[in-house]
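Results of the structural survey
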Amino acid sequence: MSEVTLFGFPRSTYVQIAGLVLTHKDVPYRFHDLESEMGGPSHLALHPFDRVPILRHGDFTLYETAAITSYVDEAFDGRKLTPEEPQKRARMNQWISAINGYYYPYMIYHVSHERNVFPQLGIPPDEKVVAHAMPKVEICLQVMERQLSHGKEYLLGSEVTLADFYMLPMIHAFGFAPESQGMYPNFPAICTWREQMEALPTVKRFRAAQPPRAPIEHARKWAVSHRPKY
Ligand SMILES: N[C@@H](CCC(=O)N[C@@H](CS)C(=O)NCC(=O)O)C(=O)O
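1. Re the sheet that holds strand β1 (residues 4-8)
If you trace the four strands from one edge of the open sheet to the other, you get β2-β1-β3-β4, paired in mixed fashion. Looking at strand neighbours, the two that pair on one side only are β2 (30-33) and β4 (60-63), the edges of this open sheet. Between one strand and the next, the sheet's axes are offset by a mean angle of 20°, whatever the strand orientation. Here helix α1 (residues 13-24) sits on the sheet in contact with β1 and β3 (54-57), set at roughly 160° to β1.

Take a look at the structure:
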């Protein structure tokens, strides 16, 4: 098999999605930590929009998590994470789009960055950013709770799909914000889903391979380059 390399920095939620999917599909891969290269020429040569993750498979290089996860699911053996049935597949894609459009921006880009990423670098949080995001986070969690109620094991029912591996890093990272402690217990179906996800051999293997949570040094520049303002 041609060599597979995942490029990114370990705490990135999107890099974790790609890592979880590679792990679930049992694809051996090498992780190239871009932390010291972020925004520099070697990174921009891989991703012209200055983001992560990037996947390399042999001489094929790909960026954007949706493209990467679909490729990994199709190109490698193992149980499919994409439903065959068009309506189920559409529902999975609806979840992925909602995660990109609402869950990531409010839970991670707004709250996690202000509560965890910036304070760990000595940058005080902007409470206005958090206050603006929290009602939207509440809606995100309500919608997810409704989807999982009636005993659904995973977002689409009894089968784990790409949508679950998209969601897990969001729920995990927001879990480090103090706001989550008051909120998560109000969403019992989400708590059960999270426990089930964390108990999957894939997730255990992935977590065991992760380095300790270190501050994201290159995020110092986010405070000036792309911090929301209210
Ligand atoms: N549309 C991209 C979004 C990826 C993304 O926003 N990644 C974040 C990390 S979670 C990033 O690269 N941020 C810029 C940086 O770290 O400087 C995808 O789906 O892959």
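2. Some points on the domain arrangement of the chain
Taken as a whole, the chain is organised into domain 1 (4-80) and domain 2 (86-209). Computed over C-alpha atoms only, the centres of domain 1 and domain 2 are separated by 20 Å. The partner domain 2 presents 14 residues to the eleven residues of domain 1 that form the contact. Secondary-structure elements contributing two or more residues to the side of domain 1 that touches domain 2 are α1 and α3 (65-75). Residue contributions to the side of domain 1 that touches domain 2 peak at eight residues, all from α1. Grouping the amino acids of the side of domain 1 that touches domain 2 by side-chain chemistry returns four nonpolar, six polar and one charged.

3. Here we look at the nonpolar core
For soluble globular proteins, nonpolar side chains are generally found buried alongside one another. Membership of the largest hydrophobic core comes to 60 residues, with the highest contact counts inside it found for Ala18, Val21, Met107, Ala163, Tyr166 and Met170. Within the residue set of this core, elements represented by two or more residues are β1, α1, β3, α3, α4 (86-117), α5 (127-148), α6 (162-174) and α8 (188-199). Among the elements that line this core, the one with the most residues is α4, at eleven residues. Each of domain 1 (4-80) and domain 2 (86-209) gives at least three residues to this core. Here Ala163 is in contact with Met92, Trp95, Ile96, Leu155 and Leu156, once residues within four sequence places are set aside.

4. Details of the environment of Pro83
Mapping Pro83 onto the fold places it in the loop between α3 and α4. For Pro83, a count of 18 C-beta atoms within 10 Å gives the class partly exposed. The spatial distance from the C-alpha of Pro83 to the C-alpha of Met144 is 19 Å, given a sequence separation of 61 residues. Not counting residues up to four positions away in its chain, the partners in contact with Pro83 are Lys88, Arg89, Met92, Leu156 and Thr161.

5. Points about the site of the ligand
Every residue near the ligand is listed here: Ser12, Thr13, Tyr14, Met38, Asp50, Arg51, Val52, Glu64, Thr65, Ala66 and His218. When contributions to the shell around the ligand are tallied by element, the ones reaching two or more residues are α1 and α3. Its residues assigned to classes, the shell around the ligand comprises four nonpolar, four polar and three charged.

6. Some points on the environment of Tyr29
You can see Tyr29 is positioned in the loop between α1 and β2. Through-space distance from the C-alpha of Tyr29 to that of Glu3 is 7.0 Å; in sequence the pair is 26 residues apart. Sequence-distant contacts of Tyr29, that is, excluding residues within four places in its chain, are made with Val4, Thr5, Leu6 and Leu22.

7. Focus: α4
In a regular helix each residue adds 1.5 Å, so 32 residues correspond to 46 Å; α4 covers only 39 Å between its end C-alpha atoms and thus falls short of that length. Considering bend angle alone, the principal kink of α4 is centred on Tyr104 and spans about 50°; proline Pro105 follows within four residues of it.

8. Quick look at the packing of α1 against α6
Between α1 and α6, the shortest axis-to-axis distance is 9 Å and the interhelical angle comes to 135°. Judged on the interaxial angle alone, α6 and α1 are oblique. As for the relative orientation of α1 and α6, their crossing is right-handed in sense. For the pair α1 and α6, contact is made by Thr13, Gln16, Ile17, Leu20, Val21 and His24 and by Leu162, Phe165, Tyr166, Leu168, Pro169, Met170 and Ala173, respectively. For the contact of α1 with α6, the class distribution of residues is ten nonpolar, three polar and no charged.

Cut-offs used in this document
Per chain, residues are indexed from 1 in the order of the written sequence. Per-residue local features are limited, in this predicted model, to residues with pLDDT of at least 70; the limit for side-chain atom pairs, both in listing and counting, is 80 or more; totals at the level of whole chains, interfaces and linings are taken over all residues. The pairing criterion for strands is at least two bridges between them, as found by DSSP. In DSSP terms, a helix is any run of H or I states spanning at least four residues, a strand is any run of E spanning at least two, and both are numbered starting from the N terminus. As a rule, the C-alpha atoms of each element are fitted with a line to give its axis, helices using only the stretch in contact, and angles between N-to-C directions run from 0 to 180 degrees. By the convention adopted here, residues make contact when the C-beta atoms placed from their backbones lie within 7 Å. Just so you know, the domain bounds were taken from an automatic or database domain assignment. Following the grouping adopted for this structure description, the nonpolar residues are Ala, Val, Leu, Ile, Met, Phe, Trp, Tyr, Cys and Pro, the charged ones are Asp, Glu, Lys and Arg, and the polar ones are all others, Gly among them. Note on terminology: a nonpolar core is any set of buried Ala, Val, Leu, Ile, Met, Phe, Trp, Tyr and Cys residues joined through C-beta atoms within 7 Å. Using C-beta atoms placed from the backbone, we call a residue buried if 20 or more other C-beta atoms fall within 10 Å of its own, exposed if 12 or fewer do, and partly exposed for counts in between. In this analysis, residues qualify as near a molecule or strand once their C-beta atom, positioned from backbone atoms, comes within 6 Å of it. Expected helix span is given by 1.5 Å per residue-to-residue step, counting one fewer step than there are residues. At any given residue, the bend is defined as the angle formed between two axes, one fitted to the seven residues that end at that position and one fitted to the seven that begin there. Our angle categories are set so that under 35 degrees counts as roughly parallel, over 145 as roughly antiparallel, 65 to 115 as roughly perpendicular, and the remainder as oblique. Note on convention: the crossing is left-handed when the near helix lies turned anticlockwise from the far helix by less than a right angle, right-handed when the turn is clockwise.

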